[in-house]
Amino acid sequence: MADAGTRGRRDLTVGPIGPTLLAFALPTLGSSVLQSLNGSVNAIWVGRFLGEDALAATTNGNLVMFLLLAFVFGFGMAATILIGQAFGRRDLLAARRVMGTAFGNFGALVAIMSTFGWFLAPQLLSLLATPGEAFRLALDYLRVIFVAMPPTLMLTMMMMALRGSGDSMTPLWFMLLDVLLDILLNPVFILGLGPAPELGIRGSALATTVAAYISLAGMIAFVYLRDLPLRLRGAELRFLKPDFSLLRVILAKGFPMGLQMIVISSSALAMLGLVNRHGVHVTAAYGVTQQLWTYVQMPAMALGAAVSAMAAQNIGAGNWDRVSQITRTGVFFNFGMTGALIVLLTIADRAALGLFLGPDSLAMPIAQHIQLIATWGFLFFGVSLVLFGTVRANGEVVWPLIILFISMYPVRLGFALGAREWLGLDALWLSFPAGMVATSVMAIILYRNGSWRRKHMAPADCPDDMECREQAESVREPGGALNPAG
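What counts and what doesn't
- Residues numbered from 1 in each chain as written.
- Predicted model: local features only at pLDDT ≥ 70, side-chain atom pairs only at ≥ 80, totals over all residues.
- Heavy atoms only, no water.
- Helix = DSSP H or I, 4+ residues; strand = E, 2+ residues; numbered from the N terminus.
- Buried < 20%, exposed > 50% of the residue type's maximum accessible area, 1.4 Å probe, protein only.
- Areas by Shrake-Rupley, 256 points an atom, 1.4 Å probe, with all protein chains shown as cover.
- Expected span 1.5 Å × (residues − 1).
- Axes fitted to C-alpha atoms, helices over the stretch in contact; angles between N-to-C directions.
- Left-handed = near helix turned anticlockwise from the far one by under 90°.
- Contact = heavy atoms within 4.5 Å.
- Salt bridge = Lys/Arg side-chain N within 4 Å of Asp/Glu carboxyl O.
- Polar contact = N/O pair within 3.5 Å; in protein donor to acceptor, adjacent residues only side chain to side chain.
- Core = buried A, V, L, I, M, F, W, Y, C linked by side-chain atoms within 4.5 Å.
- Phe/Tyr/Trp six-rings, centres within 6.5 Å; stacked < 30°, edge-to-face > 60°.
- Lys NZ or Arg CZ within 6 Å of the ring centre and 35° of its normal.
- Patch = residues over 30% accessible without salt bridge, like charges linked within 9 Å, V, L, I, M, F, W, Y side chains within 5 Å.
- Bend = angle between axes of the 7 residues up to and from the residue.
- pLDDT = per-residue confidence, 0-100.

To continue, consider the overall build of the protein. In terms of regular secondary structure, the protein is built from 17 helices and zero strands. For the protein, with 486 residues in total, the buried portion stands at 52%. Of the roughly 20,600 Å² of accessible surface on the protein, 68% is carried by carbon and sulfur atoms.

Quick look at the structure:
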């Protein structure tokens, strides 16, 4: 029977690297697909039932939520790496300390942000220049979404922490629960089906809220019922109080990782501004190409997350040869998985784009052209994500941020603006692979020549706390193995 140290998770420090990495990455990929599918289906519900103004309103509200998710992503990723390294060292108590610090401190912070967000929602929408006809709808939607924010963000952080422990299946099942509830409840609350009240756009936000609370409660119950390694019991509940030595590390490492998301999203907004100058058909073509690119980049993102978790555990265990093999295998899988998607889209581009555009749409040939000359760059994007995943696993978070900033702004935007007299509109589309190739070249230089291998993420031992030290001994057996009674 599995013990508390192994139940519900995969030991990423042993076994064949290729099958282990793939088995860990595929559930993460499934979670990403489900998340994107959820957004697409909910947009269909809102657009069909409530119209374009309501759809514009949800777009503005979801942008605010995305920025907050970017904030939590960085800190969640830092916690994931610390947990992974602790599992690699077979230090279960250290992993639980990280879990308690992350969940307790950021749970309180998110609750405060949610409260302020409710009252500041009008000002946030004004900053986004929300169109007047959609402003009232967006306000109704956003205020309910702020109620959904605590469970949504904590569910995201908990899923990331579980992946750090080597468990990618539990997050997949509860992402599936969250998505199914959200999709099914949207028409119920929007239209007032059965005993439910008819709430319009607030109903869509309420569906998201209910789904998030149920999924978070279900995941917490599952962790305790299955006695998964990261659960806190008895004296361990005090880990929910601030551990400032850990909190400083999570903040210091998490903030640059959160900024990476902001850099990417702000660059995307700048590119959209350049595209919008060329008319509605070009914008529509770019928009549907972006829809396809969302799915093209998913394998690379899943592999990057899997490589980071796997590398963190092996760094914690001191298996540096294995870390290099993990990185090479991740790059190989990226070429296979991302490359297959790019080839498929090249062959069947009209059919894929036809999911969003009519056969006689003037945007169709433009979208086909964009897809043909720009999508190949995602092969290099995937290489960057894998290499960043490895260096990040040992605490190197500043250089990936600098590299992304250089590739998103001086390279991508500089190419789009500087080459437009020479290449015309194609300068915009070729700027995407130009930025991705530049990112991969700089990522390779960082991986091969950077000082990331000499970094140290966090102290492994307890702080100056005798009770913590005594508890650490009780969770270990002689020789450093995890004690099942822990």
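Given a rise of 1.5 Å per residue, 25 residues ought to cover 36 Å, and the 36 Å separating the end C-alpha atoms of helix α6 (residues 201-225) matches this to within 8%. Within two residues after α6, aspartate 227 carries a phi angle of roughly 55 degrees, on the positive side.

Orientation of helix α12 (residues 363-374) relative to helix α16 (residues 426-449), taken along the N-to-C sense of each, is 35 degrees, at an axis distance of 8 Å. Our pair here, α12 against α16, has a crossing hand that is right-handed. Note on element contacts: α16 touches α12 through Asp426, Trp429, Leu430 and Pro433, opposite His369, Ile370, Ile373 and Ala374.

A pair can form between side chains of opposite charge whenever their charged atoms are brought close. Per the counting criterion, the structure on display carries six salt bridges. Where aspartate 243 meets arginine 97, a salt bridge forms, and the shortest distance between an N and an O atom there is 2.8 Å. Placement of the pair is aspartate 243 in the loop between α6 and α7 (244-276) and arginine 97 in helix α3 (residues 92-127), with a sequence separation of 146 residues. Residues arginine 231 and glutamate 236 are paired through a salt bridge, measuring 3.2 Å at the closest nitrogen-oxygen approach. Salt bridges linked by common partners bring Arg96, Asp227, Arg231, Arg233 and Glu236 together as one network.

Let us look at the side chain of threonine 209. Along the polypeptide, threonine 209 turns up in helix α6. We classify threonine 209 as buried; its relative accessible area is 6%. Engagement of the side chain of threonine 209 in a polar contact is seen with the backbone oxygen of alanine 205, the distance being 2.9 Å.

With that out of the way, let us pick up the environment of aspartate 91. The topology assignment puts aspartate 91 in the loop between α2 (52-88) and α3. The sequence separation of aspartate 91 and glycine 316 amounts to 225 residues, and the corresponding C-alpha distance is 9.4 Å.

Another aspect to go through is the nonpolar core. Counting 67 residues, the largest nonpolar core has Ile83, Phe146, Met149, Leu153, Met157, Met219 and Leu230 as the members making the most contacts within it. Listing elements by their share of this core, those giving two or more residues are α1 (17-50), α2, α3, α4 (132-164), α5 (169-191), α6, α7 and α9 (298-317). Ranked by residues supplied to this core, first place goes to α4 with 17 residues. Beyond its immediate chain neighbours, meaning those up to four positions away, leucine 230 contacts Ile83, Phe87, Ala95, Arg96, Met99, Ala161, Leu162 and Ser165.

Turning to the packing of aromatic side chains, a few remarks are in order. Counted under the stated rule, the structure contains 12 aromatic pairs. When the centroid spacing of 5.9 Å and the interplanar angle of 25 degrees are considered together, the rings of tyrosine 286 and tryptophan 429 count as stacked. One end of the pair, tyrosine 286, is in helix α8 (residues 280-296); the other, tryptophan 429, is in helix α16, with 143 residues separating them in the sequence. Comparing tyrosine 286 with tryptophan 429, the two get one shared label, buried. Measuring from ring centre to ring centre gives 5.7 Å for phenylalanine 378 and phenylalanine 381, while their planes differ by 75 degrees; the resulting arrangement is edge-to-face. Taken together, the residues phenylalanine 378 and phenylalanine 381, both in helix α13 (residues 378-392) and three residues apart, mark about one turn of the helix. Considered together, phenylalanine 378 and phenylalanine 381 belong to a single accessibility category, that of buried residues. Among the aromatic residues, ring-to-ring pairing joins Tyr286, Trp293, Phe378, Phe381, Trp429 and Phe432 into one connected group. Directly above the aromatic system of tryptophan 118 lies the positively charged group of arginine 143, at a separation of 5.5 Å from the ring centroid.

Among the surface-exposed residues, Ile112, Phe116, Trp118, Phe119, Leu120, Val147 and Tyr213 lie close enough to one another that they form a single nonpolar patch of about 720 Å² accessible area. With five residues, the single largest contributor to the nonpolar patch is α3. Mapped onto the fold, phenylalanine 119 is located in helix α3. Classification of phenylalanine 119 by relative accessible area gives exposed; the value is 58%.

Okay, helix α14 (residues 398-418) next. The terminal C-alpha atoms of α14, which comprises 21 residues, lie 28 Å apart, in line with the 30 Å expected from a rise of 1.5 Å per residue. Maximum bend of α14: about 25 degrees, positioned at serine 407, with proline proline 410 one to four residues after it. Taken as a whole, α14 has its buried residues at Pro400, Leu401, Ile403, Leu404, Ser407, Met408, Arg412, Leu413 and Ala416.

On to the side chain of threonine 80. Relative to the assigned elements, threonine 80 resides in helix α2. Residue class for threonine 80 comes out buried when judged on its relative accessible area of 5%. If near-sequence neighbours (up to four positions away) are discounted, threonine 80 is found in contact with Met160, Ala161 and Gly164.

Now for the environment of alanine 317. In this structure, alanine 317 sits in helix α9. For the pair alanine 317 and arginine 90, spaced 227 residues apart in sequence, the C-alpha separation works out to 7.8 Å. Not counting residues up to four positions away in its chain, the partners in contact with alanine 317 are Thr13, Gly88 and Arg89.

Across the protein, the average pLDDT comes to 84, with 88% of residues at or above 70. Throughout residues 1-8 the model reports pLDDT below 50, and contacts reaching past four residues in sequence, or to other chains, amount to 17 contacts. Between residues 469-486, whose pLDDT stays under 50, and residues either more than four places distant or in other chains, the model counts 38 contacts.

Let's shift gears to the environment of alanine 94. By the secondary structure assignment, alanine 94 is in helix α3. Judged by relative accessible area, alanine 94 falls into the buried class, the value being 7%. Distance in space between the C-alpha atoms of alanine 94 and leucine 82 is 8.6 Å, their sequence separation being 12 residues.

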